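Here's the letter readout for the chains.
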Amino acid sequence: MTTRIVILGGGSAGLTTALELQKRRPPQNASITLVDQAPYFTYQPFLPEVAGGHIAPRDVTVPLRKALRRTKVVEASVSGHDREAKTVSVTTGDGVTSTIPYDQLVVALGAVTRTFPTPGLAENGVGFKSVEEAQYVRDRILGNIAEAASVSDPATRRKLLTVVFVGGGYTGVEAMAELDDAAKAAVDSFPNLSRDELRFVLVEALDRVAPEVGPELSKWTLGHLRSRGIDIRLKTTMPSCIDGDVVLSDGETIPAGTIVWTAGVKPNPVLADLGLPLGPRGHVNVSATLQVQSDEGEVLEGVWSLGDGAQVPNLLSEQQPAYYPPNAQNAVRQAVTVADNIIAQLSGQPIAEYRHESVGTVASFGIGKGAANIKNVQMKNVPAWLAHRGYHLYAMPTLNRKWRILTGWITNFVGGRDQTPLVGMADPRAGFLEVTPSISADDAAGKKK
């Protein structure tokens, strides 16, 4: 009899679980199925370097079917779950819904960008959680710089050269720092523009930036960014951004050509449709063994959850209850534990609890700049930047992608980064539609007659 293992989600947690199960080859003639809407995995810690122009967008992605040779990959969205029947419902791109039976279910649906109903945000903002968004932000900023060089109206020019980031956490700070360097390099290629005309503004509701690196390095990061001319607004929010006019909670209005939203993430809303026990913030409740459990501690046999969408107890913390932070470092290590526990359970062996002491945090703020706290050893600038690149190159799945990223870094070091904005990527069919006459269905029917 075949044991059916179904993994929901192809992010860091889901992909690593599948890779580990493939490598260990579960007993009982097990089959592995992974469900994800995208045909590829994205290594998100490298998205700031994509925006900065150091890494090609495709090089931070891993085709799921190519990486998972012994796993069936289903390209679909998850739309439901029947605990009694042990099936999950999935919907493909053409709207067809089907069910997939399972014996062991791994829920690794991750997190999505957390937004608020801010007036103008949907029309003028962009997130920074996908490779497409990272490339779009880069192209938009570089395209606006090129456009600014050709306009004469001072107000239009100022708006085009103004970039506002909302959210000063890990992602926002890294992305803004990389784009600040890229924008300055782009401005240098236009004789009628100067770096003084560029304006980068970071809006953060808290009293600090990049809290993930610790209090001391967070304070240093704030000073570092301000020394580069970046305008940091702490204890500030953005009530609206209609027509690109960023209104701040202190009353100031900043016309911006680019608005990037990096104000945190939340568990995938799909989790609420799966009938699983959830915590107060929408995370799946799990035990230390990563088995899904109710508030009363009742374990759902054969159902596991991990990664950014799971509330995983941190048994090593002195203060209880405590939970592991949602990051790739924990997701990939939890995936190993889940894979081991599934195999152990199928073999009749005891399962293990997830326990992990954080290796630390690393952040890159552009070439030769960064902050790192590794095993309580603090580093700044070049050592931190090298630690960031070394750690994430090691963590990047597949040798193919590691090699592509490394050779890309070497190419950029020798030849410099490419400053060409692919402005048409936002709407690649615009030029084609402009020169192609449209014809109505009635006219087409008449021509056939």
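Quick note: structure is the one above.
Cut-off values and rules
- Residues numbered from 1 in each chain as written.
- Predicted model: local features only at pLDDT ≥ 70, side-chain atom pairs only at ≥ 80, totals over all residues.
- Heavy atoms only, no water.
- Axes fitted to C-alpha atoms, helices over the stretch in contact; angles between N-to-C directions.
- Helix = DSSP H or I, 4+ residues; strand = E, 2+ residues; numbered from the N terminus.
- Parallel < 35°, antiparallel > 145°, perpendicular 65-115°, else oblique.
- Left-handed = near helix turned anticlockwise from the far one by under 90°.
- Contact = heavy atoms within 4.5 Å.
- Nonpolar A, V, L, I, M, F, W, Y, C, P; charged D, E, K, R; others polar.
- Pairing = 2+ DSSP bridges.
- Salt bridge = Lys/Arg side-chain N within 4 Å of Asp/Glu carboxyl O.
- Buried < 20%, exposed > 50% of the residue type's maximum accessible area, 1.4 Å probe, protein only.
- Phe/Tyr/Trp six-rings, centres within 6.5 Å; stacked < 30°, edge-to-face > 60°.
- Lys NZ or Arg CZ within 6 Å of the ring centre and 35° of its normal.
- 1 Å grid on protein atoms, 1.4 Å probe; cavity = no way out; pocket = protein on both sides within 12 Å on 5 of 7 lines; lining within 4 Å.
- Points joined across faces, edges and corners; volume = space filled by probe spheres on them.

Engineer: Got a minute to help me understand the packing of helix α5 (residues 131–148) against helix α7 (residues 170–187) in this structure?
Structural biologist: Any two packed helices are characterised by how steeply their axes cross, that is the angle between the axes, and by the distance between the axes. Orientation of α5 relative to α7, taken along the N-to-C sense of each, is 30 degrees, at an axis distance of 10 Å. The pairing of α5 with α7 is recorded here as roughly parallel in orientation. You can see that α5 and α7 cross each other, and the crossing is right-handed. Each of Val137, Arg138, Ile141, Leu142 and Ile145 in α5 lies in contact with α7, whose residues at this interface are Leu179, Ala182, Ala183, Ala186 and Val187. In terms of residue class, the contact of α5 with α7 is made up of 9 nonpolar, no polar and 1 charged.

Engineer: Hey, could you run me through the sheet that holds strand β24 (residues 370–374) in this one?
Structural biologist: Strand pairing in a sheet takes place through backbone hydrogen bonds and is either antiparallel or parallel in direction. Pairing within the open sheet is antiparallel, and its 3 strands lie in the order β23-β24-β25. Each edge of the open sheet is held by one strand with a lone partner, namely β23 (360–364) and β25 (377–380). Here the average twist between neighbouring strands, direction ignored, is 10 degrees. In the sheet, β23 pairs with β24 via 5 bridges, with the strands oriented antiparallel. Within β24, the position partnered with valine 362 by the bridge is alanine 372. Helix α10 (residues 382–395) rests against β23, β24 and β25 of the sheet, and its axis sits at about 105 degrees to β23.

Engineer: What should I look at first to understand the pattern of salt bridges in this one?
Structural biologist: A pair can form between side chains of opposite charge whenever their charged atoms are brought close. Tallied over the full model, the rule gives 21 salt bridges. One salt bridge in this structure joins glutamate 20 and arginine 24, with 2.1 Å as the shortest N-O distance. Here glutamate 20 pairs with arginine 24, and both are found in helix α1 (residues 12–24), just 4 residues apart, close to one helical turn. By relative accessible area, which is 33% here, arginine 24 ends up partly exposed. Salt bridges linked by common partners bring Asp180, Asp181, Lys184, Arg228 and Lys369 together as one network.

Engineer: Just checking my understanding: could you explain the packing of aromatic side chains for this structure?
Structural biologist: For any pair of aromatic rings, geometry is given as the distance between the ring centres together with the angle between the planes. Scanning all chains against the criterion turns up 5 aromatic pairs. On the basis of an interplanar angle of 55 degrees and a centroid distance of 6.5 Å, the ring pair of phenylalanine 41 and tyrosine 43 is categorised as tilted. Of the residues examined, tyrosine 43 reaches a relative accessible area of 5% and is grouped as buried. Here the aromatic residues Phe41, Tyr43, Phe46 and Trp409 are joined through ring pairs into a cluster of three or more. Across from the ring centre of tyrosine 394, 5.7 Å away, lies the NZ or CZ of lysine 402, which sits over that ring.

Engineer: For this particular structure, what's the right way to read the packing of α1 against helix α9 (residues 328–346)?
Structural biologist: Their axes nearest at 8 Å, the elements α1 and α9 cross at an angle of 35 degrees. The interaxial crossing formed by α1 with α9 has right-handed handedness. For the pair α1 and α9, contact is made by Ser12, Ala13, Thr16, Thr17, Glu20, Leu21 and Arg24 and by Ala328, Ala331, Val332, Ala335, Val336, Val338, Ala339, Asp340, Ile342 and Ile343, respectively. Residues belonging to the contact of α1 with α9 are distributed by class as follows: 11 nonpolar, 3 polar and 3 charged.

Engineer: What should I look at first to understand empty space enclosed by the protein in this one?
Structural biologist: Empty space among the atoms becomes apparent when a probe as large as a water molecule is rolled across them. A complete count under the given rule lists 1 cavity of 30 Å³ or more for this structure. Size it by volume and the largest cavity reaches roughly 30 Å³. Looking at the lining of the largest cavity element by element, the count peaks at 3 residues for α9. When grouped by side-chain class, the residues that make up the lining of the largest cavity number 5 nonpolar, 4 polar and 1 charged.

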